[in-house]
Amino acid sequence: MPPEFGATPWGRSWTRTVETTAASGPNPLLPKARSLARNHCATLTTEVGVVTAKVVASSDQFSVRIELPPWSEETKKDAERLIAKSLAVNPGLAVGDLPDGLEADFTAAGIAFTVPVGEQVATCDCRTRKRPCAHILATLYALSMRVDERPRLAVELRMDSAAAAECADPDWIPLTDLDPGTFYG
Ligand SMILES: [Zn+2]
């Protein structure tokens, strides 16, 4: 059975970000965060540069926002080049998937698609002093699950052109190109 979190190198990289052990030992909030993510208590909305989530915990709802700065133009170009190269030698992937080997290519090229927890600008409207709180950590676990399901999200969070590239499917026709008269006639 694949692991619950981090079944792909893409999701695993995010899980590792959350689980990086501090000098003081493992973060005691992690089991709670995992449980929240596992039970779908974190509802995510993702866009380029930011992940927001509604996290339901202890019959209360919290709003989490995590900023993931978009890649620089240079990093974006490097990433696009590596993606194109990798997709060329790995044809027939499902929509939203990326080759596992590409994650290693990124690492080798020094391209980080995750942001270390300590460098994240993350907010939550709960009253806990400790940051990151369990809600922010649950959001990150939920993100790792999302990325496992759809690796391309890992890249789309950091640059705006990846979504467009996915439409390069020859069978894909923009709806506006269809003439309703002849299509339904
Ligand atoms: Zn919180």
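Within the protein, the atoms that donate to the zinc ion are Cys124 (SG), Cys126 (SG), Cys133 (SG) and His135 (ND1), at distances of 2.1 to 2.3 Å. Considering all 4 donor atoms around the zinc ion, angles at the metal cover 105 to 114 degrees and the coordination shape is tetrahedral. Read in sequence order, the donor residues for the zinc ion give the motif C-x1-C-x6-C-x1-H. Across the pair, exposure class does not vary: Cys133 and His135 are buried alike.

Looking now at the side chain of Gln120. Within the secondary structure, Gln120 sits in the loop between helix 4 (100–108) and strand 4 (121–124). For Gln120, a relative accessible area of 11% corresponds to the buried category. Within polar-contact distance, the side chain of Gln120 engages the backbone oxygen of Val115 at 2.8 Å. Setting aside residues up to four positions removed in sequence, Gln120 forms contacts with Trp14, Thr17, Ile66, Val115 and Leu140.

In this structure, Pro132 follows Arg131 across a cis peptide bond, with omega equal to -5 degrees. With respect to the element layout, Pro132 can be found in the loop between strand 4 and helix 5 (134–149). One non-glycine residue, His40, lies in the positive phi region at around 55 degrees. You can see His40 is positioned in the loop between helix 2 (30–38) and strand 1 (42–47). Phi is positive for Ser59, close to 50 degrees, though the residue is something other than glycine. As for its position among the elements, Ser59 is in the loop between strand 2 (50–57) and strand 3 (60–67). Overall, the relative accessible area of 78% leaves Ser59 in the exposed class.

Further remarks concern the confidence of the model for the protein. Taken over all residues, the pLDDT of the protein has a mean of 88, while the share at 70 or more is 86%. Below pLDDT 50 for its whole length, residues 167–174 participates in 2 contacts with residues either more than four positions away or in separate chains.

We now examine the pattern of salt bridges. The final tally for this structure, using the stated rule, is 7 salt bridges. With its nearest N and O atoms 4.0 Å apart, the salt bridge here joins Glu73 to Lys76. A residue pair is termed a helical-turn pair when its members lie 3 or 4 positions apart in one helix, as Glu73 and Lys76 do in helix 3 (residues 73–89) at 3 residues. Judged by its relative accessible area of 15%, Lys76 falls in the buried class. The residue Glu156 makes a salt bridge to Arg150 at a minimum N-O spacing of 3.0 Å. Take Arg150: its relative accessible area is 28%, and that puts it in the partly exposed class. Three or more residues joined by partner-sharing salt bridges are found here, namely Glu73, Lys76 and Asp160.

Conventions and cut-offs
Residues numbered from 1 in each chain as written. Predicted model: local features only at pLDDT ≥ 70, side-chain atom pairs only at ≥ 80, totals over all residues. Heavy atoms only, no water. Donors = N, O, S within 2.8 Å, 3.2 Å for Na, K, Ca; no water. Tetrahedral: all angles 85-135°; square planar, octahedral: opposite > 155°, others 65-115°. Buried < 20%, exposed > 50% of the residue type's maximum accessible area, 1.4 Å probe, protein only. Helix = DSSP H or I, 4+ residues; strand = E, 2+ residues; numbered from the N terminus. Polar contact = N/O pair within 3.5 Å; in protein donor to acceptor, adjacent residues only side chain to side chain. Contact = heavy atoms within 4.5 Å. pLDDT = per-residue confidence, 0-100. Salt bridge = Lys/Arg side-chain N within 4 Å of Asp/Glu carboxyl O.

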